[in-house]
Each structure stands twice: as C-alpha cells, then as structure tokens.
Amino acid sequence: MLEKTRLEELSIALPDKERKELLDRISRRMEREESEEAVPVELREDEREKIIEYELRRAGWWVQFIVWMRTLLTGRRPREVFIDVRLRRLRAAIRAASPGLSGFDTRDLSPKFARKVYDLLLRVQPLLEPYRALSSDKTARAAAYAYLVEQRYEKARKTVEEFVTGNEMEEIFAETGQTDDIRRRLATRLGEYVRALPESFIGTLEEHCRMHLAIGRIVAFPFAAFLRYFNHVLPEPAEPRYPSFEHAPAMLVLDLLEKLFVPVALLRRAAADPEWAPEPLAYWLLAKSGATPADEPGIARVEGELAKLRVLIAELVAEAESFEETIPLLDIIRYFRRDPWYQLVFNPPRLFLKSLYTSALRDRIGAELEQRLGTIRERVINRKIQELLKIPKPVELQYYRENPGFDHRSLGLPTFTHVRSITFTANYLLAQYKGPILEAVNLLAGTVLANNRITQSRITQHTSTLEDLEARIVLFDRSLAPDEDDGKQLARFRFTIATDILVQKSYKGFLVQKDREARDLIEKAVDALGGVKRVLDEIRTSAFENIRSLLKTLHSWRGHNQTLGQILNARSEGIAAFLKLLDQLMELEKGG
C-alpha cells in the first residue's frame, strides 16, 4: 500500500466541513505564494559599488575619458557621472527601438506608448470570458484542469464506483451502520489514487498549460486603470479604433509597467512551446453550451469554436512579441527609476495541477456519493429487515401510510413520517416477539426464574407492555379509518387543501400530532424490548453457580437441541439487531 503523508492521515480524521476549510486555507496560501508580481532585486550599496567599479574598468577609453572630464568639470563623484552616462545610453537605446515613446525631459509617456498597449488590449478582449473563468472561478478552474487530466490519463477514475463499489459500500454500512465509514474508505482510496499519479505525467501537463497561465495573467492586467493615466475611460467592450490619448506621467505608472512586464514575458516563454493543452478551453466551451463534458465526445464536439480560440491566442502571442520588440519595457522602467542595473524577477506561475485535480475530483465524487448514500442505506436496511423478520410478506398498516390520498408533492406538503418504523415494529412484535422471544421468556419462567420472583416480575412487566403495544398499534392505525374522527378529518383535508393555506397549516399540525403518537408507541416498544434484553443479558452473564449450571442444560428448540445459554444469547442478539435497525430507519425517515 502507498504510504500516506502525515497531512493526509490527519485530514482523513477531520469532519467534512473542517477538511474543506483546511483545503481552502491551503489554497489561499498557495495563491499568495504563487504570485507572479515582479519583484525588484534589492542590491546592497557595497554590491552596487562593485558593479559600477567593474563596469567602469571594462568601459572603453572614451567612456572613461568622458567620466574623468565631467568629474573634473562638475566636481561630482565618478560613480554619479557613470550612472548618468549609462542612463543616456538607455535613452538612446529606447529612442532607437521606437522613437517617440517618451518625453524624457518632461518625464512622461506618449500616446504612441498608449496605442501599443491598446493593441495588446484588443487582442486580449476576445479571450476575457474564458480566461476569467479559468483564472478567477475556482470551481470552473478546478473542473477544467481535472478534465485535462482525465482526458490524458489512461487510468483516470471518474466515478465513485471506481473507488468503492456499490456492494462494498453496502457491506461497510451493513457492518458498521455508519455512512462516515464509507466516506473514510472513499477518502483513503482517492488519496492512494492521487499519490500514484506519475509526477512526470503531471509535470508534462503543467508545462503544456503555461500558455493558459500566461493569458490568465494578461487578462488580469488592469488595462482600464492604466489607460486612465492617458486620460481615457475605457468602455466595455473596447472600441477597435484608437481613442484619443494624452501624455501620461511616467512616474505614476511605473508600478503598472512592472505588472505589464510580467504577462508579456510569460507569453513569450509560453510561445516557445507550441504544444499547449486545449482541454481546459474545450471544457469551458462544453460547459458554456450546457453540455456535461463527461457525457460528450469531448474536444471533437467543440473543435470549430476551439479552432477560433486557437487563432485568437496565436494573434495575442504575436502581438505580445511585437510589443516586446517595439517597447523596451525594462529599459524604460530602468530609465525612469534612474537605476541602469534595476532588475525584476518573478517566479513562473505554478498551476499546482495535482491539487486542482484532487480538489475537483473530491468534490465531484463526494457529491456523487452523497446522492447514493440514501439508496445504499435504504437497501441495506430493507435487506436486514427481511433477514431479521424472516417472513415472506410483512403486514402493512392500512391507514397510517406514506400516501395521503392527494398530490402532496406538487403542493410542497409533507406526509406521515414514521410509517416504515412503526410498521417494522408491528411486524417484529408479530414475527419475533410472539414467536422465539416469548418462547424463550416462557422457558426461563419454568427454569431459571422459577424461584426468582423479582426478576420474573420485571420481565413480566415488559412482556405485558409488549402485549398491550400490539393492540395499541392496531388501534392507532384504525384511528385514521374513514369512519373514525381522525380519518374524517384527514378526508376533509384532501378536498380543500389545494386552495386553502389555513387548511394546509392545520394539515401540518395534524401530521405532527399523529407522528408524535406513532413515535410514543415506538419508544414504548424500544423500552420494553430493551428491558427484556437486559434481563436476558443479566441471566446469561450471571456469576451464580446454579444459574450457570441451568444455562448449560439442553433444550429442544424448534427442532434442534440447544443449551439455554445459546437460546438466550440468540434472542438478545436479535433484539439488539432490531433496536439498531429501528434507530437507523428512524434516522432515514428524518432525512438524517
């Protein structure tokens, strides 16, 4: 078995809500650490001095002469003069690359610069919708990249049955009676499956997704805020023709220039690998059309729209490359920061594909499991009821039924709650209590309890309650017959409930009252059968030698020879099974 990480071992033990909160906190932390905002390289003063000295030594004789001459004429330090010389070179290089980008003396950026950014915006605009979904919508993002993994991974598991089969879920619930055990088994299997994903496979897919991450970053760039400095309010959508721009103060947009530097550089890097993965976009297109990606032929269905997106992406990449060739962005930032050695570094964005896939798979499989748990519980409970009652056709109540005689669902109205549990109780009293349990009690009365009046009185009290209960359940059911008062009241509800809200309110109160009566009868049965079980257990585990001897005596029991201890043990286990099943059935009725 694959080894679990310590985090996985701890998280499996957490309730679903706490596990989800932990995952959200980790995701937020990862997003903060993943930030691709450009970070300037911080040079210490001694490091800067060494760089300047080194470059000055390596500079040609003409540069050294100019530095010496200006130092002599101005009295400034050689370091300061050399920085000015480098800045002049930067300005000359910027003008040579694209004249008219900036008024260096007025320290502003020209409309020509704004138009080049606007060209970039026009190429980004058609991709805003899909990439905002893939970048900002956490659910869509996780699902889209999970679709990528499932399309590329031959051993991908997509349904809950591939982790825990229906039969296995029924066995777990039948053994433990807890749905949490099924959830834990699923979480364990899912964790083992995810850990077994080849790291090389995940790494390759992440490489093929760099284009999506780069476009996501440029989509997130605040074009509207940037162009506002050029005195232009960006409409939605942007117009294809150039608006009228004015000069913008360079120092006020420096931070935005650094933010723009990042996605342009990312696009250039991503363009070096033309084999980018189309599956996330295909998923978005399928989801947008209202289709279920898992049930569709996939990319083939949206190939036409996907081809259009490919063209748009190619145009954006070409525009970004043109922008980078025309606009020496880093040199402009260096010039206006008056630092020729200014450097911007950023970590390439991380997709964390395995985490995204795990999150999406866990949510989808978990939702599928929750939909199936009710059916699993019901099937197991029904099977165990049949095994416990051992009668081919259980008796049904005639009037306390789940069908009230009108279309209550369309009106959003409830019906009787404890129909199945009180029916189960009535059938158990008929099939088991009046059979083997009462026979065992009578056997005790003639043997162990013959001289023990206190214990005999206790068990007789419980059996009397059970005898009375059988008749009371019949009378309770009969109270809803058409010729009884409650039955007549129920009939009146049926005729007027569809049109009268007050009648609907009275009907709900009527249901609450009858359910309370049913629950009282069930609780009396539980108390009495629990009392019988306690007496049987006290006798089975008695330390008195005479009782222990009697427990070893053989009796003819339904065609077989069994000791008294074996007979009592079987009856005690039968009652325990009934009480456990009844508790599960009532939880099911309450929707728990």
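Here the residue numbers are simple positions, counted from 1 along each chain's written sequence. Thresholds applied to this predicted model are a pLDDT of at least 70 for local features of residues and 80 or more for the giving and counting of side-chain atom pairs; totals over whole chains, interfaces and linings are not thresholded and use all residues. As a convention, hydrogens and water are excluded, and side-chain values are obtained from all of the structure's heavy atoms.

(A) Quick look at the nonpolar core. Counting 94 residues, the largest nonpolar core has Tyr193, Tyr400, Ile422, Phe424 and Ile539 as the members making the most contacts within it. Any two residues whose heavy atoms approach within 4.5 Å at even a single point are treated as in contact. Non-local contacts of isoleucine 422, meaning those with residues more than four positions away in its chain, are made with Leu397, Tyr400, Ile473, Phe476, Ala518, Leu521 and Ile522. The term nonpolar core refers to a set of buried residues drawn from Ala, Val, Leu, Ile, Met, Phe, Trp, Tyr and Cys, joined through side-chain atoms within 4.5 Å. Only protein chains enter the calculation, and the probe is 1.4 Å; a residue is then buried if its accessible area is under 20% of its type maximum, exposed if over 50%, and partly exposed in between. Ala248, Ala265, Tyr342 and Phe346 belong to the second largest nonpolar core, which has 73 residues in total.

(B) Geometry of the layout of surface pockets. Considering only enclosed or pocket space, the second largest pocket measures out at about 310 Å³ in volume. Taken together, 13 residues make up the lining of the second largest pocket; nearest its centre are Asn382, Ile385, Pro394, Glu396 and Thr423. Think of it this way: any DSSP run of H or I at least four residues long counts as a helix, any run of E at least two long counts as a strand, and we number them from the N terminus. The set of elements that each furnish at least two residues to the lining of the second largest pocket consists of helix H18 (353-389) and helix H19 (419-446). At 5 residues, H19 tops the list of elements feeding residues into the lining of the second largest pocket. All amino acids are sorted into three groups, where Ala, Val, Leu, Ile, Met, Phe, Trp, Tyr, Cys and Pro are nonpolar, Asp, Glu, Lys and Arg are charged, and the leftover types, Gly among them, are polar. When its residues are assigned to classes, the lining of the second largest pocket shows 7 nonpolar, 4 polar and 2 charged. Whether a set of points on the 1 Å grid over the protein atoms alone is a cavity depends on a 1.4 Å probe fitting there but being unable to get out, while an open set qualifies as a pocket with protein on both sides within 12 Å along at least five of seven lines; lining residues are those with an atom within 4 Å of a point. Grid points are joined across faces, edges and corners, and a volume is the space filled by probe spheres set on the points.

(C) Molecular detail of the side chain of histidine 462. Within the element layout of this structure, histidine 462 appears in helix H20 (residues 453-478). Taking the relative accessible area as the measure of exposure, histidine 462 reaches 17% and is therefore buried. Aside from chain neighbours lying at most four places away, what touches histidine 462 is Ala528, Gly531 and Val532.

(D) Summary view of the packing of helix H14 (residues 254-271) against helix H17 (residues 329-337). Between N-to-C directions, angles cover 0 to 180 degrees, with each direction set by a line fitted to C-alpha atoms, over the stretch in contact for helices. In the contact formed by H14 and H17, the axes pass within 10 Å of each other and the chain directions differ by 155 degrees. By the angle between their directions, the pair H14 and H17 is classed as roughly antiparallel. In the crossing of H14 with H17, the sense of the turn from one axis to the other is left-handed. On H17, the residues touching Leu254, Asp255, Leu257, Glu258, Leu260 and Phe261 of H14 are Leu329, Leu330, Ile332, Ile333, Phe336 and Arg337. For classification purposes, an angle smaller than 35 degrees is called roughly parallel, one larger than 145 roughly antiparallel, one from 65 to 115 roughly perpendicular, and anything else oblique. A crossing counts as left-handed when the near helix is turned anticlockwise from the far one by less than a right angle, and as right-handed when that turn is clockwise.

(E) Quick look at unusual backbone geometry. The omega torsion across glutamate 236 and proline 237 is 5 degrees, close enough to zero to call that bond cis. By the secondary structure assignment, proline 237 is in the loop between helix H13 (223-228) and strand E4 (248-249).

(F) Representation of the pattern of salt bridges in the model. The rule for a salt bridge is simple: a side-chain nitrogen of Lys or Arg has to be within 4 Å of a carboxyl oxygen of Asp or Glu. Scanning all chains against the criterion turns up 30 salt bridges. Glutamate 170 is paired through a salt bridge with arginine 379; the nearest N and O atoms lie 2.9 Å apart. Highlighted residues: glutamate 170 in helix H9 (residues 166-176) and arginine 379 in helix H18, separated in sequence by 209 residues. Note that arginine 458 is salt-bridged to glutamate 538, the shortest N-O span being 3.0 Å. Of the two residues, arginine 458 sits in helix H20 while glutamate 538 sits in helix H22 (residues 501-540), which places them 80 residues apart along the sequence. Through salt bridges with shared partners, a single network forms among Glu170, Arg379, Arg383 and Glu387.

(G) The arrangement of helix H12 (residues 210-219) in detail. In terms of burial, H12 is largely enclosed, as 8 of its 10 residues are buried. All of the buried residues along H12 are Met211, His212, Leu213, Ala214, Ile215, Gly216, Ile218 and Val219.

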